[in-house]
Amino acid sequence: MPLQDLALAIAENSVHGIVVMDDDGYCLYDNRAWTEITGFTAQDMVSKPVHDWVHHHHPDERPFPITECPIGNTLGRNENVRNHRDLFFRKDGSPFHVSCAASTISVDGAPSLKILEIRDITDDMQVERRKDEFLAMLAHELRNPLAPIAAAADLLQVGRLDAAGMKQASDVISRQVSHMSALINDLLDVSRVTRGQIRLERRDEDIRGIIAEAVEQVRPLVEARRHWVAVNTSPGSTFVHGDRKRLVQVFANILANAAKYTPDGGEIAVSIDARPGELRVEIADNGIGMSEEMTSRAFELFTQAERAPDRMQGGLGIGLALVRSLVALHGGSVAARSAGEGRGTTITVVLPAVAPQAAPAEAAGRGKTIPRVARPLKIMVVDDRRDAAEMLGMLLTSLGHRVRLEFDSHAALAAAGEENFDAFLLDVGLPGMDGMELARRIRGLPRHGEALLVAVTGYGQLHDRDKAIDSGFDHHLIKPADLQRLSEILDAAATEPARRS
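A quick note: this is a predicted structure, and the numbers were derived from the prediction, not measured. (Residues numbered from 1 in each chain as written. Predicted model: local features only at pLDDT ≥ 70, side-chain atom pairs only at ≥ 80, totals over all residues. Heavy atoms only, no water.)

**As for the nonpolar core**
Next, step 1: Counting 41 residues, the largest nonpolar core has Ile-207, Ile-211, Phe-251, Ile-254, Leu-255 and Leu-351 as the members making the most contacts within it.
Next, step 2: Those elements that place two or more of their residues in this core are helix H7 (207-224), helix H8 (244-260), strand S9 (267-275), strand S10 (278-285), helix H10 (319-329), strand S11 (333-337) and strand S12 (345-352).
Next, step 3: With 10 residues, the top contributor of residues to this core is H8.
Next, step 4: Grouped together as the second largest cluster of nonpolar side chains are 21 residues, Ala-415, Leu-438, Ala-439 and Ile-442 included. (Core = buried A, V, L, I, M, F, W, Y, C linked by side-chain atoms within 4.5 Å. Buried < 20%, exposed > 50% of the residue type's maximum accessible area, 1.4 Å probe, protein only. Helix = DSSP H or I, 4+ residues; strand = E, 2+ residues; numbered from the N terminus.)

This is the structure we're talking about:
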């Protein structure tokens, strides 16, 4: 194939727009991608230079000298341009952002030619903007709970609080830590979903119990804003085959969104409609509503409505994106609709229904009561963060267990070699000998071959759990450890051999 034909074939199949111009900027050739990106063809651009069409629209339609165009001026000096960002206009007048490469060529004394190559980066620019907005919002959301935590910690450190004051400070810290944990968990969940690392633990569940648990989760926010919440269910089977924890997460996210964007004293209505083969759950509010543009991208990552100063709990814009992903994993769909700004929003979740089942005794909602200790255990807590170890030790002691604290992995291993313990709660990120290695060595001690080993760690990815189990741990809990779950694990260890989970 002649070199000229090869060059033409390459240009025609390029995904970048390419146009060849004479010295005055008039089009001599444009490729298929150029037409797709700009809407212009060579026939369109015969009356004015290319740069006048796509770079600037001159007010009086006079020819726009190539020397007045930044790229053209550079080409006029026979210089090359790479990765130049600019704003162009399509044939329909709509603006778009481009990354340009431009060069001047001259072959065998023939008149020089100008070659311009463009790539539409409008979407890339929007992603960058949304990323910057997200990082700013993340910093804002993480700083918010730090302020009351720091203030409460200072008050406790002063040591002049009475019992009521200490309880109030403790409650503040607990609430704000829960808020931070929820933010971090949402971020990790989005990461897991996008990489396909979410594992659903499916079983037949009554959607009524799931909705009741979700409502309970958002109750503090609902009560703080004095919202009225109503749940209505149509006759018929309300069972789905799904992961209860993830479905509660779905509806709690939607309810929390409704509460955040509904003014004080507003109304939130939940309706469960059982239809042949499917369950349709609608959550409607009379809040700020959405524009048509916002509704179309409500479930995209990092999308948020405009914040008002009184809505300080706007979140990170990942809740509804996570909802869409989790619902899709269950074989369902989710959609948003709104009559417009100020006219409320309705989120509809559709899930496959299953045949009626006898509802388990706990279907109406699961209690959060911490089980009674079947037998006090002797437990070693190992964490190089002294505050974390001492607080966990206090919690375990309050449950009736005997606790020994160690802040160094080598000291912990030495103590394990000298005393018998029923259970070990180990941080993974220990300096020197990490928690994985410590677990392996403790498991290798004759006296502790059958002891309960629990990883209590800030590393929460799926592969972190797998590594912990491979190292000899029986359980893997994410900091801050859920007290009820931890109590259940310890209670089970007191009555039967530990099950790994």
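**Focus: the packing of aromatic side chains**
Next, step 1: A full pass over the atoms with the stated rule returns 2 aromatic pairs.
Next, step 2: Ring geometry for Phe-88 against Phe-96: centres 6.2 Å apart, planes inclined by 90°, an arrangement best described as edge-to-face. The residues Phe-88 and Phe-96 share a single accessibility class, namely buried.
Next, step 3: Ring centres of Phe-421 and Phe-424 lie 5.4 Å apart, and the angle between their planes is 55°; on these two criteria the pair is classed as tilted.
Next, step 4: Residue Phe-424 is classed as buried on the basis of its relative accessible area, which comes to 0%.
Next, step 5: For Lys-378, the ring lying beneath its charged end belongs to Phe-421, and the centroid distance is 4.9 Å.
Next, step 6: Its end group placed over the ring of Phe-407, Arg-386 keeps NZ or CZ at 3.8 Å from the ring centre. (Phe/Tyr/Trp six-rings, centres within 6.5 Å; stacked < 30°, edge-to-face > 60°. Lys NZ or Arg CZ within 6 Å of the ring centre and 35° of its normal.)

**Focus on the packing of H7 against H8**
Next, step 1: H8 packs onto H7 with a crossing angle of 40° between their chain directions and a minimal axis gap of 8 Å. On the basis of the axis angle, H7 is oblique to H8. In this structure, H7 crosses over H8, and the sense of that crossing is right-handed. On H8, the residues that touch Ile-207, Gly-209, Ile-210, Ile-211, Glu-213, Ala-214, Val-215, Gln-217, Val-218, Leu-221 and Val-222 of H7 are Arg-244, Leu-247, Val-248, Phe-251, Ala-252, Leu-255, Ala-256, Ala-259 and Lys-260.
Next, step 2: Here the contact of H7 with H8 is built from residues that sort into 15 nonpolar, 2 polar and 3 charged. (Axes fitted to C-alpha atoms, helices over the stretch in contact; angles between N-to-C directions. Parallel < 35°, antiparallel > 145°, perpendicular 65-115°, else oblique. Left-handed = near helix turned anticlockwise from the far one by under 90°. Contact = heavy atoms within 4.5 Å. Nonpolar A, V, L, I, M, F, W, Y, C, P; charged D, E, K, R; others polar.)

**Side note on the sheet that holds strand S13 (residues 378-382)**
Next, step 1: Here 5 strands make up an open sheet; going across it, the order is S14-S13-S15-S16-S17 and the pairing parallel. Taken across any chain shown, the strands that pair with only one partner, and hence form the sheet edges, are strand S14 (402-406) and strand S17 (475-478). Neighbour-to-neighbour, the strand axes of the sheet open up by a mean angle of 20°, direction not taken into account.
Next, step 2: Sheet analysis places strand S16 (residues 452-457) next to S17, joined by 4 bridges and oriented parallel. (Pairing = 2+ DSSP bridges.)

**Digging into the side chain of Asp-383**
Next, step 1: By the secondary structure assignment, Asp-383 is in the loop between S13 and helix H11 (386-398).
Next, step 2: Residue classification places Asp-383 among the buried positions, given a relative accessible area of 5%.
Next, step 3: At 2.9 Å, the side chain of Asp-383 and the backbone nitrogen of Arg-385 are in polar contact.
Next, step 4: Setting aside residues no more than four positions away along its own chain, Asp-383 makes contact with Ala-388, Ala-389, Glu-406, Phe-407, Asp-427, Leu-430 and Lys-479. (Polar contact = N/O pair within 3.5 Å; in protein donor to acceptor, adjacent residues only side chain to side chain.)

**Structural notes on a nonpolar patch on the surface**
Next, step 1: Together, Leu-3, Leu-6 and Ile-10 give the surface a local cluster of nonpolar side chains, amounting to about 320 Å² of exposed area.
Next, step 2: Among the structural elements, Leu-3 can be located in helix H1 (residues 3-12).
Next, step 3: Under the relative-accessibility criterion, Leu-3 is labelled exposed at 68%. (Patch = residues over 30% accessible without salt bridge, like charges linked within 9 Å, V, L, I, M, F, W, Y side chains within 5 Å. Areas by Shrake-Rupley, 256 points an atom, 1.4 Å probe, with all protein chains shown as cover. Salt bridge = Lys/Arg side-chain N within 4 Å of Asp/Glu carboxyl O.)

**Some remarks on the packing of H8 against H10**
Next, step 1: Two elements in contact, H8 and H10, have axes separated by 9 Å at closest approach and are oriented at 145°. H10 is crossed by H8, and the crossing has left-handed handedness. For the pair H8 and H10, contact is made by Arg-246, Gln-249, Val-250, Asn-253, Ile-254 and Asn-257 and by Gly-319, Leu-320, Leu-322, Val-323, Leu-326 and Val-327, respectively.
Next, step 2: Considering only residue class, the contact of H8 with H10 consists of 7 nonpolar, 4 polar and 1 charged.

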